[in-house]
Every structure is written in structure tokens, then in C-alpha cells.
Amino acid sequence: MLKTSSGRLATENIEDELPDEAITLDGFSYLPRLDHWIIVTATGRKHFRFHDLHVSAELITCCKRFAASLLLSENPISAYTTFQTLRYFLLHIGGYDSSSKEIMPAHLLNFRGSRAQKQLYRSTTVNYIVRLWAQLGIPGVSQAAFVTATEMPSDAPKRGLAVRLLDPELGAYTNLEFDGLHKALHAAFATGSLSLSNYGICLLSAALAPRPVQIASLRLCDLRIRENNGVTTYLLSVPRAKQGGTAYRSQFTDRPLIEDIGIVLLAQARIVRRQAEASGMDDPDQAPLFPAQHVNSTFYSDSGTPAAPTRASIGMRIINVMEALEVKSERTGKVINVNARRARRTLGTRAAQEGRTLEQIAQLLDHSSLTAARNYIEVSSKTLQNIDKKVAILLAPLAQRFVGSVRVKSDSQDQSIQKHVFGAGDGGAPTDIGGCGKFGFCGLGKPLACYTCRLFHPWTDGPHEEILESLLARRTRMAVEGSAIVAQSLDDTIVACAEVVRLCRMNGREMVE
């Protein structure tokens, strides 16, 4: 299906240098002679605006020819990123030299001179684009400007600062934040307050950390289920992203899924397939796995046919769902700032903690180079937070991992108490540590799993301090042995148990007073 764009027509006397119609690498058409290109992609629209550049008509036409060349040789998202940088540069030129018909050395030197030290990498990017423009043989770049762009110093942006500085707003989630978010996510779905579609998107974001454009690109045929000797395995072919010279959905990475996520995605796929078949869709296998939910999506119509979502809409669904859970960070005391990029940084950080190689981390994150992966290797040794008893008790009220209620043992006959929970007291003897509100069998590991369960009612006189000391000792032992991820897996329970200790101490003081 071909789409066309709309906008103001360019100046008559130079439009003969541009074709009436052109096609992108993905096969969508547009009208190059217009001053506003709406480039349709399979997951959204990109706007190429030329009308407000304030440079000569000749230079705008040359810029259009360069942009059209990019759209024919690169995927539209990569081409758009390059165009936006070039547009920024031309706007700078237009601010003081609106009559120039080509890019000159002074333009490049002035642009670099106007950048702050930490923004010099923008000049390097512009120099690369100008060299590419000239090498394509498209007019608009003087020979002297090409030489200047080649000889100017190169500055690289400082990447990975949020990861390396353990930024609490932009970096990887801590183990407490990660576990808190996903326990709340599971609870929201269990209570029916979260749709299957949004639940599946957020599970994928946490497990595989794909970019929103990759989730938006998924189709029903990308989910494969295999049966072998009674064992079901789930495999998801994730389209690669940010591969400049390749067409849409031309490269994939097969990612295995754990059963819990595979079952959710299979249920989602079945719902979408029924919708696609009911709408008369020719090939239901090509329906999007997570259809659009609003009319702003790329191919949305009122016919009931599952429509492709935009990458922006997928990103916003992740943010809206996860932040609505209102899980607080133990580092900031505020609701956790959630987005797909932080999920990616968390996956990379946790992979480095597990001892994955640079190549493995790059593959997990769909990176074509190893540069970004080095940030995770550098920071992996610093991410295991030291937690002792005092720190755990201070963190406890902020982390809010204990969701039950402290009770006195005399309440054990209350109807909300179905059974008693036993743990090891002094000398390892079984000791009654609290009541349980669950009716029927519970498969969780008692008593440690109880501390993060909302049906647990610890007794005020239970041996919770001894259990906390035991947990802290186990965590320290695991960290020393090099099992950082396993050690951090205890953090939720440690902080929940610490909150019980804190509440019991407060209860004891109140009784004395």
C-alpha cells in the first residue's frame, strides 16, 4: 500500500531538479517537490520540513535531493535522524547567511564555534553528513567545505553516563526497584485492572528490553511455539532496529521466552488472530501482535482490522502502565521514573553482573558495535549495594515491600487467620512467626516468601530480627562468592523483613508507653 504526503509546493523555477514522485527503501511513496514530506513507515510517520529553513531556494533543493537519496538507501528512521541534524545545521546558517547557494567552510567553522564544549560532537556529526552529501555527487557542498569537513577535529559524545553514574532517574533500576515494579505489574493484571495487551508489552520490555519500534514491528508470525516430547517452548523473532542500510523487517533475532511470558503472548496472539479473521484480513499472520488503540496510528481504520501501532504509542503505553503502579524508589522516595530505555539499561547491567561478555551484551541489546556494551562491563562491579541491618531498616519504609499487617498473637483466632507460619527461632527450633490469610495450599517457600505476601500477618513477638540477621549473612556470603545477581534476589525479602522488625519495635515502644 503506497502513501503520499502533502505540503506547500516548492519554487517553480528549480523544481525540475526533483522528480514528481519518489519511493523510500520500505516502498512508500512521497512527493519530493513539496516543502513538507510526510514519510510513512510501517510503524509511524516522519515529517521532513523544508519551508522554514531560511536558506536559498537552490540550497533547499539540493538538501531535498540529499534527503531523497538517504530515504532510498537507508531505513526511514535512520534517514530522519540524519535529516534532523542537517536541518539543525541549515537553520543555523539561515540565521546569518540566507542567500548562500551552497555550504561553505565558514558555515562549518561558525557552527563549531557556536557549540559549547560538551556539544562539540554535533559539529563532528554535521561534518560527517556534509562529507557524505559531497561524496554522493549532489550539488550544495563546495569543494572547500568538503576539505574543511574532512580536516576538522573529531569529538565523540559522552555516552553511557546514566549507566556509569548509576543515575536514579535515568540509569538502570536497582534490584529493589525492578522487583517492586514487576510484582506490582503482576498484581495489577491479576486484579483485572490491566489489559492482556499492555501486560504483554510490559513483560516483553522487562524480559528482552526491545526498543519500542521493535515491539511495534512484531507480527503474529513472529511468535513460534514448538512441542517436543510434551515440552512446549516459545520463541519470538524480534525485528532488528537501527540498522541503517536495511529495509523494514529484513533482519531478525530469535529470542527464547520463558513459559510465563510465552503463555501471555500466545493468548494475546489468539485474540488478535480472531480479530484479523473477523475483519476479513487477507493474511492474519501479518497482523500486529499489539494492535494500535487509537486513530493516530499509521494504518488505523474503523473497519476492525488490527492496525499497526506507532513506536511512540508503544513507548507511552509502557510509561503509562508502569508509572500508574506508583511503585516508589528506595533511592528517591518518589514514584519510579519508568521508560523503555531504562529497561534496556537494566538488562545490560544485569547481564554484566551475570558475567556476560561484551559480544553477548551487545547481542542482547541489539547493538551493532561493542562500544555501548563497555559501559555495562565498567559499572558491573559497583552495582551490588551494600546492605546491613541499619541500612535495611532505613530503606524499608521507602521501598514499601512489606504489604501485610503486623498482629499480636492473640489475634490468631481471628477469621482472617487461616493457618500459622513457622520459622527457625533460637537454636533452629520451629517457632510460630505469624498468621497466614490464605485458604488452601500455598506453594511459596515459607517463611521467607511470606514477608512479601499481603496475606502474611507477622506476630509482634516473632523472631523477625533473627531471620533478618540470617538473610543478611546469606546475602553477604553470596556476594563474596561472586553471585551478585543471586545475592540481590534476596533484597526484596530483606527489606520487607526489616520493615516488620521496624514495625514490631514501634509496637513494642507504644506498649511500654
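Owing to the predicted nature of the structure, the values given are computational and were not obtained by experimental measurement. (Residues numbered from 1 in each chain as written. Predicted model: local features only at pLDDT ≥ 70, side-chain atom pairs only at ≥ 80, totals over all residues. Heavy atoms only, no water.)

1. Re the overall build of the protein
Move 1: Looking only at helices and strands, the protein features 18 helices and ten strands.
Move 2: For the protein, the proportion of its 513 residues judged to be buried stands at 47%.
Move 3: Of the contacts formed within the protein by residues at least 6 apart in sequence, a portion of 63% connects residues at least 24 apart.
Move 4: Of the roughly 24800 Å² that the protein leaves accessible, carbon and sulfur atoms contribute 52%. (Helix = DSSP H or I, 4+ residues; strand = E, 2+ residues; numbered from the N terminus. Buried < 20%, exposed > 50% of the residue type's maximum accessible area, 1.4 Å probe, protein only. Contact = heavy atoms within 4.5 Å. Areas by Shrake-Rupley, 256 points an atom, 1.4 Å probe, with all protein chains shown as cover.)

2. Some details on the nonpolar core
Move 1: Counting 41 residues, the largest nonpolar core has L185, L204, L236, L257, L265, F290 and M322 as its most contacted members.
Move 2: Elements with a minimum of two residues in this core: α7 (175-190), α8 (196-207), α9 (212-217), β6 (231-239), α10 (259-278) and α11 (311-324).
Move 3: The residues touching L185, leaving out its near neighbours within four places in the chain, are L194, Y199, C202, L203, V321, M322 and L325.
Move 4: Counting 38 residues, the second-largest nonpolar core is a separate cluster that includes Y30, I60, A67 and L108. (Core = buried A, V, L, I, M, F, W, Y, C linked by side-chain atoms within 4.5 Å.)

3. Quick notes on the pairing of strand β7 (residues 252-257)
Move 1: Burial along β7 is one-sided: T253, R255 and L257 are buried, and none of F252, D254 and P256, which face the opposite way, are.
Move 2: Sheet topology places β6 next to β7; six bridges connect them, and they run antiparallel. Bridged to P239 within β7 is F252. (Pairing = 2+ DSSP bridges.)

4. Side note on the environment of T41
Move 1: Looking at the element boundaries, T41 is found in strand β3 (residues 36-41).
Move 2: As a C-alpha pair, T41 and D26 span 15 residues in sequence and 7.2 Å in three-dimensional space.

5. As for the sheet that holds β6
Move 1: Strand order in the open sheet formed by three strands is β5-β6-β7, and the pairing between neighbours is antiparallel. Each having just a single partner strand, β5 (223-228) and β7 make up the two edges of the open sheet. Averaged over neighbouring strand pairs, the angle between their axes works out to 25° when direction is ignored.
Move 2: Those strands touched by α10 are β5, β6 and β7, and its axis lies near 70° from that of β6. (Axes fitted to C-alpha atoms, helices over the stretch in contact; angles between N-to-C directions.)

6. What to know about the packing of helix α1 (residues 57-73) against helix α2 (residues 76-94)
Move 1: Following both chains from N to C, one finds α1 and α2 inclined at 160°, their axes separated by 9 Å at the closest point. Our classification of the angle between α1 and α2 gives roughly antiparallel. Here the hand of the crossing between α1 and α2 comes out right-handed. Packed against α1, whose contacting residues are L59, C63, F66, A67, L70 and L71, the element α2 presents P76, A79, T82, F83, L86 and L90 at the interface.
Move 2: Within the contact of α1 with α2, the residues separate by chemical class into eleven nonpolar, one polar and no charged. (Parallel < 35°, antiparallel > 145°, perpendicular 65-115°, else oblique. Left-handed = near helix turned anticlockwise from the far one by under 90°. Nonpolar A, V, L, I, M, F, W, Y, C, P; charged D, E, K, R; others polar.)

7. Examining the pattern of salt bridges
Move 1: Applying the stated rule across the entire model yields 16 salt bridges.
Move 2: The closest approach of N and O atoms between R273 and D285, which form a salt bridge, is 2.6 Å. Placement of the pair is R273 in helix α10 and D285 in the loop between α10 and α11, with a sequence separation of twelve residues.
Move 3: If you follow the salt bridges from partner to partner, you end up with K183, R401 and D492 in one network. (Salt bridge = Lys/Arg side-chain N within 4 Å of Asp/Glu carboxyl O.)

8. Thoughts on the packing of aromatic side chains
Move 1: Tallied over the full model, the rule gives eleven aromatic pairs.
Move 2: Seen from their ring centres, W37 and F48 are 6.0 Å apart, and the 25° between their planes marks the pair as stacked. Note that W37 is positioned in strand β3 and F48 in strand β4 (residues 44-49), a separation of eleven residues in sequence.
Move 3: Given a relative accessible area of 0%, W37 falls into the buried group.
Move 4: For the pair F89 and F111, a centre-to-centre distance of 5.4 Å together with 80° between the ring planes defines the contact as edge-to-face. In this pair, F89 is assigned in helix α2 and F111 in helix α3 (residues 105-113), connecting sequence segments 22 residues apart. By the burial criterion, F89 is buried, and F111 matches it.
Move 5: Through a chain of ring-to-ring contacts, the aromatic side chains of Y30, W37, F48, F50, Y80 and F83 assemble into a single cluster.
Move 6: Positioned over the ring face of F178 is R350, at 4.3 Å from the centre of the ring. (Phe/Tyr/Trp six-rings, centres within 6.5 Å; stacked < 30°, edge-to-face > 60°. Lys NZ or Arg CZ within 6 Å of the ring centre and 35° of its normal.)

9. Things to note about the confidence of the model for the protein
Move 1: Taken residue by residue, the protein gives an average pLDDT of 85. The fraction at 70 or more is 88%.
Move 2: Low pLDDT, under 50, characterises residues 1-13; the stretch is placed with 34 contacts to residues that sit more than four places away or in other chains. (pLDDT = per-residue confidence, 0-100.)

10. Here we look at unusual backbone geometry
Move 1: The phi dihedral of H54 falls on the positive side, at around 60°, and the residue is not glycine.
Move 2: With respect to the helices and strands, H54 occurs in the loop between β4 and α1.

11. So, the state of the cysteines
Move 1: For the structure shown, the criterion picks out zero disulfides.
Move 2: For the unlinked cysteine C450, the closest cysteine sulfur is that of C436, found at 6.4 Å.
Move 3: Judged by relative accessible area, which is 10%, C450 ranks as buried. (Disulfide = S-S within 2.5 Å.)

12. Looking at the packing of α3 against helix α5 (residues 143-151)
Move 1: Viewed as axis vectors pointing N to C, α3 and α5 meet at an angle of 35°, and their least axial separation amounts to 7 Å. Across the interface between the two elements, P105, L108 and L109 from α3 touch A144, A145, T148 and A149 from α5.
Move 2: Split into classes, the residues belonging to the contact of α3 with α5 amount to six nonpolar, one polar and no charged.

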